[in-house]
Structures are given as structure tokens and as C-alpha cells.
Amino acid sequence: MSSAVYRSIYYPTMTIVAEKVVVVSDAQKRIQLCREVELLKSLLCDGESGAKGSELLVQLIAVFANPIDHTVSLCLEFMNSGSLEDILQSRPGSVSGPGSSRSSPYLDETVLHGISAQVLQALAFLHSRRVIHRDLKPGNILINSQGMVKISDFGLSRALQAGSSVAQSFIGTYQVCAVLYCFEVLFCASTEHFTLSQ
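Criteria and thresholds
Residues numbered from 1 in each chain as written. Predicted model: local features only at pLDDT ≥ 70, side-chain atom pairs only at ≥ 80, totals over all residues. Heavy atoms only, no water. Core = buried A, V, L, I, M, F, W, Y, C linked by side-chain atoms within 4.5 Å. Buried < 20%, exposed > 50% of the residue type's maximum accessible area, 1.4 Å probe, protein only. Helix = DSSP H or I, 4+ residues; strand = E, 2+ residues; numbered from the N terminus. Contact = heavy atoms within 4.5 Å. Patch = residues over 30% accessible without salt bridge, like charges linked within 9 Å, V, L, I, M, F, W, Y side chains within 5 Å. Areas by Shrake-Rupley, 256 points an atom, 1.4 Å probe, with all protein chains shown as cover. Salt bridge = Lys/Arg side-chain N within 4 Å of Asp/Glu carboxyl O. Expected span 1.5 Å × (residues − 1). Polar contact = N/O pair within 3.5 Å; in protein donor to acceptor, adjacent residues only side chain to side chain. 1 Å grid on protein atoms, 1.4 Å probe; cavity = no way out; pocket = protein on both sides within 12 Å on 5 of 7 lines; lining within 4 Å. Points joined across faces, edges and corners; volume = space filled by probe spheres on them. Nonpolar A, V, L, I, M, F, W, Y, C, P; charged D, E, K, R; others polar. Pairing = 2+ DSSP bridges.

*Asks:* Please provide a residue-by-residue account of the nonpolar core, values included.
*Replies:* Leu 57, Val 119, Leu 126 and Ile 151 are the most contacted members of the largest nonpolar core, which totals 33 residues. Of all elements in the fold, only β2 (15–23), α1 (27–44), β4 (71–77), α4 (109–128), β6 (141–143) and β7 (149–151) reach the threshold of two or more residues within this core. Dropping the residues within four chain positions of it, Leu 57 is found in contact with Leu 43, Leu 44, Glu 77, Ala 122, Phe 125, Leu 126, Lys 150, Ile 151 and Phe 154.

Structure representation (C-alpha cells):
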């Protein structure tokens, strides 16, 4: 799904938001976007568990369609420190991109502990709701200036059917897929935990 994210203002509340603009020119992209929106709404608007989800997942504020240019804008909670990927790439000696021979810098263990703990809480919440993210990577882990960490980008997520604990399809970002995916291990909660450890 082709998309871009912009810092925007949501005029009804004059709030800074992250506006994810998605080109949805074909039916498959529309289906994927609808799945993402419905999943976010179900996770964030479900009474008591929705309140917990709001602490762990990036908030969906509004959705707007533009039929002229075949785009849909998702207004999402703005996380002002960016993604974990942004933070890693901005550090001195950071990896400049896929295939770089330079090694990634280490973050302070206390910082890594806090990030990891919050991501694991978010994954536990998702898995308790029978949802697997399927694209967990540093670019989808967002952080704000208060140190809150939230998972974003649910376009590839999947709600598991009752009685099933695995997804049958293999999907995600190639550069960060867990080794388990290469051996065609079925997608499940423990696969996502392994991805986080890489």
C-alpha cells in the first residue's frame, strides 16, 4: 500500500496529528486500509480494554476520503519523537540503510529496557485480543517526548479466527522478518516476540 505520513493540524480540535495519506486506487488496497481502520477502531473503542489499548497503540483520530485523487487520510496521534528507526538512524555511527557495513549504535540499557517493556505490553494486549501485528519493526514503534512507546501501522495485522492461534500467510517487511519466517514457521504470537528480539 503506497502511503506517506505528514505532520498536520486536525482543525476540529486544532491538534497536531500524523496524517497518513494512502493511495487506494485498487480494490485490494481499499480492503487492506478498511481492515486497518476497523481493527484500530475495535482495539481502541472497546470499553475497558479500549482504554488500555489507547496507552499502548497509536490513536486513530479521524479518517477522510478524497475521491478526486483516490486517497484516504488517517489522522493519527502524533508521537513527537518519531520512530525507533528514526532515533537509531540519527545517532552518531548509525546504520545508514539496508546492507550497510557499519554497525548500529547501542542505546542505553535503561532506555532499551523501557522501550522493550512497553512494546511487550502492547504485544500482550494485541495477543489477548487475538490480533497479530505481522509487521513489527523499528519504523512501526513510535515514541513521544514523555517516553511513551506505542505500536503503529496495522495495515498487515490480522485478527485470528476463534479456535486458531496462527495465521496461515507470510507477510511483513523483508529486511526485518524473523528468521522463523524464512523457514515457513506459521505466524503466531511467539513469532512476533522473536521478531522483537532481533
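*Asks:* Give a detailed account of a nonpolar patch on the surface, specifying residues and quantitative values.
*Replies:* Together, Ile 9, Tyr 11, Met 14 and Ile 16 line one region of the surface with nonpolar side chains, adding up to about 450 Å² of accessible area. Locating Met 14 in the fold gives a position in the loop between β1 (3–10) and β2. Residue Met 14 is classed as exposed on the basis of its relative accessible area, which comes to 56%.

*Asks:* Would you mind going over α4 in detail, with residue names and values included?
*Replies:* Since one α-helical turn is 3.6 residues long, residues separated by three or four positions face the same way. Taking 1.5 Å of rise per residue, 20 residues should cover 28 Å, and α4 covers 28 Å from first to last C-alpha, within 8% of that figure. Buried within α4 we find Ile 115, Val 119, Ala 122, Leu 123, Phe 125, Leu 126 and His 127. The N-terminus of α4 is capped by Asp 108, whose side-chain oxygen sits 2.9 Å from the backbone nitrogen of Thr 110. The first or second residue beyond α4 is Arg 130, which carries a positive phi of 65°.

*Asks:* Can you explain empty space enclosed by the protein? Please cite residues and give values.
*Replies:* In the structure shown here, the tally under the stated rule is two cavities of 30 Å³ or more. Its volume calculated, the second largest cavity comes out at about 30 Å³. Considering the residues around the second largest cavity, the lining is formed by Glu 36, Leu 40, Val 58, Leu 76, Ser 152, Asp 153 and Phe 154. In terms of residue class, the lining of the second largest cavity is made up of four nonpolar, one polar and two charged.

*Asks:* Lay out the pairing of β1 with the relevant residues and their values.
*Replies:* Pairing of β1 with β2, which is carried by eight bridges, proceeds in the antiparallel orientation. Looking across to β2, one finds that Tyr 10 is bridged to Thr 15. Between β1 and β2, which follow one another and run antiparallel, lie four residues, and Met 14 among them has a positive phi close to 55°.

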